[in-house]
Amino acid sequence: MKPTLFLLAAGMGSRYGGLKQLDGLGPNGETIMDYSIYDAIQAGFGKIVWVIRKDFEQQFREQILSKYEDKIACELCFQGLDALPEGFCVPEGRVKPWGTNHAVLMGKGVIKEPFCVINCDDFYNRDAFMVIGKYLSDLPEGAKNEYAMVGFRVGNTLSENGTVARGICSKDADDHLTTVVERTEIVRCAEDGSNAGAATEPIRYKDEEGKWVTVDEKTPVSMNMWGFTPDYFEHSEEYFKEFLADPKNMQNLKAEFFIPLMVNKLINEKTATVKVLDTTSKWFGVTYAADREGTVERIRQLVADGVYPEKLF
């Protein structure tokens, strides 16, 4: 069974200033997700599923979905604040989405095969899709609890224009993930946090106490490129109920149900393993509006080098 590509496209685009998922960056107006889908098709994926917000469904169908429907099987699902288990309701004043793993849960009704989860605004490069596509395609039929993630080197995933959020990973001798901790402020900077973005500075992240911690350039990080089998939905449903039952998560109107939170639980309880897959790919994207010009230039160069055709679809 061919794996499915599951694209998380419900983000608000707050730091970028708009719907960056629909921003045309290629020579013929291609979006970053166009290149991801092109690479996924080359890597043998058989279906594309997006999770989006209902409020931009029409624009999404006209600008994005229409390009693919005659080339590969396509499905849409929707993330909304009120998509909660029975017995729970949205806390008064909450406007922030429930997070990446809540978005993944929205795919349960349309995904019945091994699947790869990615962000729509990250340019992962083809090798990453080949690596995760092979892993998922090689799984035996009915496989459960044998997941994977593509581990990018943190030094290849930074923005020159501000901090980035990454899942800092540790792995064992068998390349199985042991921990993944979401760090929301990673940047090249001095020990006191000054001189941010300078190429000569080490890579650091801010910890829970507000201190800057140095990490090695080759430290594997999660770029939200995960490989799961459908049993992952069942685990997520159960843990989301626990998450919502915790008063501090309901009282904190910005609390989020992240994928790394779910993955850590499964690893710590020895319910599942997560293989860390190495890749030669270098990430780039548009975390900030100022990233746009550099991303356009990188895509233009890849087209010039023959990696991609000038017109994808």
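Everything discussed here concerns the structure shown above.
Just so it is clear, the structure is predicted and the values come from calculations on it, not from any experiment.

### Quick notes on the layout of surface pockets
The computed volume of the second largest pocket comes to approximately 490 Å³. Taken together, 19 residues line the second largest pocket, and the ones lying closest to its centre are Leu-158, Ser-159, Glu-160, Trp-283 and Arg-298. Looking at the lining of the second largest pocket, the elements with two or more residues in it are strand S13 (284-285) and helix H8 (292-304). A per-element tally of the lining of the second largest pocket places H8 first, with three residues. Of the residues contributing to the lining of the second largest pocket, the split by class is five nonpolar, nine polar and five charged.

### Here we look at the pairing of strand S3 (residues 73-78)
Pairing between strand S2 (residues 47-52) and S3: six bridges, direction parallel. Across the sheet, residue Lys-47 finds its bridge partner in S3, namely Ala-73. Handedness of the crossover joining S2 and S3 through helix H2 (residues 57-63) is recorded here as right-handed.

### Considering helix H5 (residues 231-245)
Here H5 contains 15 residues, and its C-alpha end-to-end distance of 22 Å stays within 8% of the 21 Å for a straight helix at 1.5 Å per residue. Restricting attention to buried positions, one finds in H5 the residues Asp-231, Tyr-232, Phe-233, Ser-236, Tyr-239, Phe-240, Phe-243 and Leu-244. Here the buried face of H5 lies against helix H3 (100-105), strand S4 (115-119), strand S6 (146-153), strand S11 (220-228), helix H6 (247-251) and helix H7 (259-268).

### Re H7
Because an α-helix completes one turn every 3.6 residues, residues spaced three or four positions apart along the sequence face the same direction. When you tally the buried positions in H7, you get eight out of ten residues, the bulk of the element. Buried within H7 we find Ile-259, Pro-260, Met-262, Val-263, Asn-264, Lys-265, Leu-266 and Ile-267. Within two residues after H7, Lys-270 carries a phi angle of roughly 60°, on the positive side.

Criteria and cut-off values
Residues numbered from 1 in each chain as written. Predicted model: local features only at pLDDT ≥ 70, side-chain atom pairs only at ≥ 80, totals over all residues. Heavy atoms only, no water. 1 Å grid on protein atoms, 1.4 Å probe; cavity = no way out; pocket = protein on both sides within 12 Å on 5 of 7 lines; lining within 4 Å. Points joined across faces, edges and corners; volume = space filled by probe spheres on them. Helix = DSSP H or I, 4+ residues; strand = E, 2+ residues; numbered from the N terminus. Nonpolar A, V, L, I, M, F, W, Y, C, P; charged D, E, K, R; others polar. Pairing = 2+ DSSP bridges. Right-handed = clockwise from strand over helix to strand, strands pointing away. Expected span 1.5 Å × (residues − 1). Buried < 20%, exposed > 50% of the residue type's maximum accessible area, 1.4 Å probe, protein only. Contact = heavy atoms within 4.5 Å.

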